Amino acid sequence: MARPAPRCTRRDFLASASVVAGAALLSFPAPARAQRPKLVYWCYQFLKASDEARASFAQEWAKKNNVDLQMTMVPWKEFMPKITAAIEAKATPDIIESGGVELRARGQLLDVTDLYKKAEKTYGGWVGPSSKIMVEPDGRVHTLLYGLQGFMLIARDDLLAQAGLKPPPATWADLLVYAKKAQQLPRVFGLGQAISNQTDSQVWEDIMKSYGVRLADETGKRVILGDYKQQVWEFLDYFEAIWKASVLPPGVVTWDNTMNNSTYQAGKVVFVFNPVTISLWLEANNPELLAKTGHYIYPSGPKGRIQPLTYGSRSIMKYTKVPDVAKQFLWDSMEPGKMDREMTVAQWGPVLNAYLGFDVWKKKPFMKSLIDMSLRGEPQGYPDVFNDAWREQSTNCTASRMLQRLVVDNWSRDKAFAEMLDVMNKVYAKYV
Amino acid sequence: MAIRHRSVAVAIPAPRAAGRLSARTREALEGMGLLTPTVLILIGLVLYPFFYAIWLAFSDKAVGSPGQFVGTRNFEYVLGWPQFSAAIVNTAVFTVSAVALKFVLGMAVALVLNQRIRGRNFFRAFLLLPWVMPAFVVYLVWRWLYDPLSGLINYALMDLGLIASPIAFLSDRDTAMTSVIVAHAWRNFPFYAISFLAGMQTISQELYDSAQVDGASRVQQFRYITLPGLYHIIGVVLLLTTIQTANAFEPVYLLTGGGPSDATMVYTMLVYVMGMVNLRLGEAAAVSTLFLPLLVGLVLAVTMLLQRKARA
């Protein structure tokens, strides 16, 4: 007769499971656990090859330094919503690669002035005026740049040559002349530039500023746009000339931030404003078109050139439990040998003088333009102060909305300008 | 007749000790105990976020800052914001038009698929395709269809000689909202169709047979048999989808970003811009709170309309 199997009650099961789990935990070498700090790293996701290079370095670094690395790729467009939720949920990463300037203003970042000064001393100083965006009025630094990028004028040199034009156009007025002459309607339009509610449309603010316009005073607190009505009108003359010249492809008033890329890559425009990401894509997918493409800094306006730069940055959230490990990661990430490898596949211009000698600037002609841009470019928002108020009006695409009022809603200039002024005053008043 | 009384042993409950609960009270307490987890979940997942959002609307909460009570300042700010009035009108237009279009399309398709046609089961399954596809994919496809430079719709219209130059469907104030509504309706009408179809199959065939004998036309059969038979389903579907449509975000975000200018700026897009782009959570919450009466009003209007119809 078969013997009944011994009955295992729930209590028996729980007891034995606890014993096994406890034994397993105790058998794990305690010192090893204590020596393995955990580092949560939100890696900026934008350009695949560049992202992979940074991710690969981080993994190697974690292995070498016996760090338990938890890495998440965060698309740049999703970064602010995600970090917003993380801060609210008190579940922040240790290191982030976006939003340095924005989060610094909200007191969310750890002071890294020591690393800033060390890098300045070790690597021959920071490049260009735009790097100064790191230094706050009190001299402290909370975010370290690892690359500069900005919109440049990307042009079909072959079509310009066909039209008997020599690039680059020196002024914005020249750009319009070039665009009209070189375009081949209805197949190729002169200028692929958005006038929409997306941040790429902020190019219009840069152009407007090259006509001498300022939004706010030196302190970045009081709106003085109203004092520049005459300059705004000159800019609007230029804008309306562009609109009427039919150099813009249909649909630019709802373009998102990818449309200028895809339109240029499809060979449908003569000029676009974009970082060199377009060219990195062409390098891999359409070298013939890349060979016909020129890369230039912005043309000048009547009152000079405004060439603002954005940046890639690394920062440490102030809530980190491993500040020393995080700082070590930031420091090792700036090492020139590592950056040389990374910049070969990235869209960034150099931020430290030690990076100026990298081979990539010589090997790839289109990358050479990044040096010019990094040396001459100004911090984002220039000549205005980059602060929360400027950022909010910028993400709100205030200048582009004024232009849409003119060409979409057929408002008068006075009415559209009055609305822009009202929005500026409302936004800036919140931050006084 | 003498009645013989038999003694029966009966268990008489002992007098209730002070402090002991009656069976009824115990049962009530047990019931409450069983309900407690549900109530706690409701409080945690529904009531707390709801009241927290309302509190946010009265604070200057921004990302990373704790937020201070600011009274009605956020409400004054958003009421004076240029896109706010456009958002009210656009949300109402989008919701009413999209619900109406989905209703008509859904009803028409349900009527066709309720007939005995060849391949009926295939078409019923096929019908769900737009609804099961991720919204992201659907709206990017529609964006490409509408594209003035390489879109299929412009290509077809020009090829047929119906238009001389491409139409920027999403970029013209006159066509942008309609284009967004059409794309949204295409993705969501299958829910209406399937729900109505399910309802139609519960209506007895005898009613139609009798009506035919009495000489009722197809339209009369629809008017006096099908429609009254579907009132409850129509009510539920309209109620749910009115809320869903008013809160739709992806179509506008992916197709137009609220543009051109503010032609398609609906309230969800405004909340996104204020909260997630400008990082001003208090103002975003104020926009949501201000829209609450509009949404409640829409839902009440739909409910009352249908109840009146059902009673009639």
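Student: Please explain the overall build of chain B as it appears in this structure.
Tutor: Each helix and strand counted, chain B has 14 helices and zero strands in total. Counting helices and strands in the order they occur from the N terminus, chain B gives α-α-α-α-α-α-α-α-α-α-α-α-α-α. Compactness check: chain B gives a C-alpha radius of gyration of 28 Å against a globular reference of 20 Å for 312 residues, more than 25% above the reference. Its C-alpha atoms put chain B at 115 × 70 × 35 Å along the principal axes. Burial status across chain B gives 33% buried among its 312 residues. Across chain B, the fraction of contacts at a sequence separation of at least 24, relative to all contacts at a separation of at least 6, is 70%.

Student: What's the story with the interface of chain B and chain A in this structure? I'm lost.
Tutor: Interface size is commonly expressed as the accessible surface area that is lost when the partners come together. With 24 residues of chain B in contact, the opposing surface of chain A contributes 29 residues. Tallied by class, the residues present in the side of chain B that touches chain A amount to twelve nonpolar, ten polar and two charged.

Student: So what exactly am I meant to see when it comes to the environment of T95(B) here?
Tutor: All names here are of chain B. Considering the arrangement of structural elements, one finds T95 in helix α3 (residues 82-113). For the pair T95 and L111, spaced 16 residues apart in sequence, the C-alpha to C-alpha distance is 24 Å. Setting aside anything within four residues of it in sequence, one finds T95 in contact with T242, T245, A246 and L298.

Student: Got a minute to help me understand the domain arrangement of chain B in this structure?
Tutor: For chain B, the assigned domains are domain 1 (25-57) and domain 2 (73-311). Of the residues contributing to the side of domain 1 of chain B that touches domain 2 of chain B, the split by class is four nonpolar, no polar and no charged.

Student: Can you help me understand unusual backbone geometry in this one?
Tutor: Peptide bonds are, in most cases, trans, and in most cases residues other than glycine have a negative phi. With an omega of 0 degrees, the peptide bond between P167(A) and P168(A) qualifies as cis. Of note, the phi angle at S246(A) is positive, near 55 degrees, even though the residue is not glycine. The residue S246(A) is located in the loop between α10 (229-244) and α11 (259-265) in this model. Since 15 C-beta atoms lie within 10 Å of it, S246(A) is described here as partly exposed. Phi at S261(B) takes a positive value of approximately 55 degrees, unusual for a residue other than glycine. Along the chain, S261(B) falls in the loop between α12 (250-255) and α13 (267-277).

Student: Help me understand the domain arrangement of chain A, please; the structure alone is not making it clear to me.
Tutor: Residue and element names in this part refer to chain A. Partitioning chain A into structural domains gives domain 1 (36-150 + 309-379) and domain 2 (160-306 + 396-430). Here the C-alpha centroids of domain 1 and domain 2 sit 29 Å apart. Sorting elements by how many residues they give to the side of domain 1 that touches domain 2 places helix α17 (residues 365-376) first, with seven residues. Split into classes, the residues belonging to the side of domain 1 that touches domain 2 amount to five nonpolar, four polar and three charged.

Student: Teacher, can you tell me more about the sheet that holds strand β7 (residues 269-274) of chain A here?
Tutor: Hydrogen bonds along the backbone pair up the strands of a sheet, which may run parallel or antiparallel. All names here are of chain A. If you walk across this open sheet you meet the four strands as β6-β7-β5-β8, and the pairing is mixed. Looking at the sheet topology across the chains shown, the edges are occupied by β6 (189-192) and β8 (293-296). Across the sheet, the mean angle from the axis of one strand to that of its neighbour is 15 degrees, orientation sign disregarded. Inspection of the sheet shows β6 paired to β7 by three bridges, in the parallel sense. Across the sheet, the residue bridging to G192 is V272, located in β7. Strands in contact with helix α12 (residues 277-285) are β5 (152-156), β7 and β8; relative to β8, the strand with the most contacts, it is inclined by about 155 degrees.

Student: I would appreciate a short explanation of the confidence of the model for chain B in the present structure.
Tutor: Any residue range with low pLDDT should be treated as having predicted coordinates unsuitable for detailed reading. Taken residue by residue, chain B gives an average pLDDT of 88. The fraction at 70 or more is 93%. For this predicted complex, the interface confidence score (ipTM) comes to 0.82, while the overall pTM stands at 0.83.

Student: How should I be thinking about the packing of helix α8 (residues 173-200) of chain B against helix α11 (residues 231-246) of chain B in this particular structure?
Tutor: Two quantities define a packed helix pair, namely the angle between the helix axes and the distance between the axes. Residue and element names in this part refer to chain B. Relative orientation of the contacting elements α8 and α11 amounts to 160 degrees, with a least axis distance of 10 Å. When the axes of α8 and α11 are compared, the pair comes out roughly antiparallel. For α8 against α11, the interelement crossing comes out right-handed. Packed against α8, whose contacting residues are F191, Y192, S195, F196 and G199, the element α11 presents I233, V237 and T241 at the interface. The residue makeup of the contact of α8 with α11, split by class, is five nonpolar, three polar and no charged.

Student: Before we go on, may I ask you to explain α17(A) in this structure?
Tutor: Think of an α-helix as 3.6 residues a turn; residues three or four steps apart then line up on the same face. Those residues of α17(A) that sit buried are M367(A), S369(A), L370(A), M373(A) and S374(A). End-on, the buried residues of α17(A) take up no more than an arc of 140 degrees, which puts them together on one face.

Student: Explanation requested: the environment of E76(B) in the structure shown.
Tutor: Position of E76(B) relative to the elements: it lies in helix α2 (residues 73-79). For the pair E76(B) and E283(B), spaced 207 residues apart in sequence, the C-alpha to C-alpha distance is 9.7 Å.

Student: It is not clear to me how the confidence of the model for chain A should be interpreted in this structure. Could you clarify?
Tutor: Residue and element names in this part refer to chain A. Chain-level statistics for chain A give a pLDDT mean of 89 and a share of 92% at 70 or above. Low pLDDT (under 50) marks residues 1-5, which in the prediction has zero contacts with non-local residues, meaning those over four places away or in another chain. Here residues 28-32 is a poorly scored stretch, pLDDT under 50, and it has one contact once near neighbours within four places are set aside; other chains count.

Student: Please explain helix α6 (residues 135-146) of chain B as it appears in this structure.
Tutor: All names here are of chain B. The end-to-end C-alpha separation of α6 is 16 Å, in line with the 16 Å expected for twelve residues at 1.5 Å each. Residues of α6 that are buried: V138, Y139, W142, R143 and Y146. The arc that holds every buried residue of α6, seen down its axis, measures 135 degrees, which confines them to one face. Residues of α6 that are exposed and angled more than 90 degrees away from the buried face: F136, V137 and W144.

Student: Would you mind showing me how to read the pairing of β7(A) here?
Tutor: When a strand is regular, its side chains alternate between the sheet's two faces. Residue and element names in this part refer to chain A. Across the six residues that make up β7, a large majority, six, are buried. As paired strands, β5 and β7 are joined by four bridges and run antiparallel to one another. Bridging across to β7, A155 finds its partner in F271.

Student: Looking at this structure, I do not really get the pairing of strand β9 (residues 308-316) of chain A. What am I missing?
Tutor: Residues and elements named next belong to chain A. For β9, a buried count of eight out of nine residues is recorded, marking the element as mostly surrounded by other parts of the structure. The pairing of strand β3 (residues 95-96) with β9 spans two bridges and is antiparallel. From the neighbouring strand, I95 faces β9, where its bridge partner is I316. Both strand β4 (residues 143-149) and β9 contribute to a ladder of six bridges, which runs antiparallel. Paired with Q149 across the bridge in β9 is T310. Where β9 and strand β10 (residues 378-379) come together, two bridges link them in parallel fashion. Its bridge partner being in β10, L309 is matched across the sheet by P379.

Student: Before we go on, may I ask you to explain the nonpolar core in this structure?
Tutor: Soluble globular proteins tend to pack their nonpolar side chains together in the buried interior. L39(A), A179(A), F271(A), L270(B) and V287(B) are the most contacted members of the largest nonpolar core, which totals 171 residues. If we skip the residues at most four places from it in the chain, A179(A) touches G190(A), L191(A), V247(A), V270(A) and F271(A).

Student: Please explain the environment of P81(A) as it appears in this structure.
Tutor: All names here are of chain A. With respect to the helices and strands, P81 occurs in helix α4 (residues 76-88). Overall, P81 belongs to the partly exposed group, with 16 C-beta atoms counted inside 10 Å. Taking the C-alpha atoms as reference points, P81 and I242, separated by 161 residues in sequence, lie 35 Å from one another.

What counts, and at which threshold
Residues numbered from 1 in each chain as written. Chains lettered and ligands numbered in written order. Predicted model: local features only at pLDDT ≥ 70, side-chain atom pairs only at ≥ 80, totals over all residues. Helix = DSSP H or I, 4+ residues; strand = E, 2+ residues; numbered from the N terminus. Rg over C-alpha atoms; globule rule 2.2 N^0.38 Å. Buried ≥ 20, exposed ≤ 12 C-beta atoms within 10 Å, placed from the backbone. Contact = placed C-beta atoms within 7 Å. Nonpolar A, V, L, I, M, F, W, Y, C, P; charged D, E, K, R; others polar. Domains from an automatic or database assignment. Pairing = 2+ DSSP bridges. Axes fitted to C-alpha atoms, helices over the stretch in contact; angles between N-to-C directions. pLDDT = per-residue confidence, 0-100. Parallel < 35°, antiparallel > 145°, perpendicular 65-115°, else oblique. Left-handed = near helix turned anticlockwise from the far one by under 90°. Arc of directions from axis to C-beta. Expected span 1.5 Å × (residues − 1). Core = buried A, V, L, I, M, F, W, Y, C linked by C-beta atoms within 7 Å.

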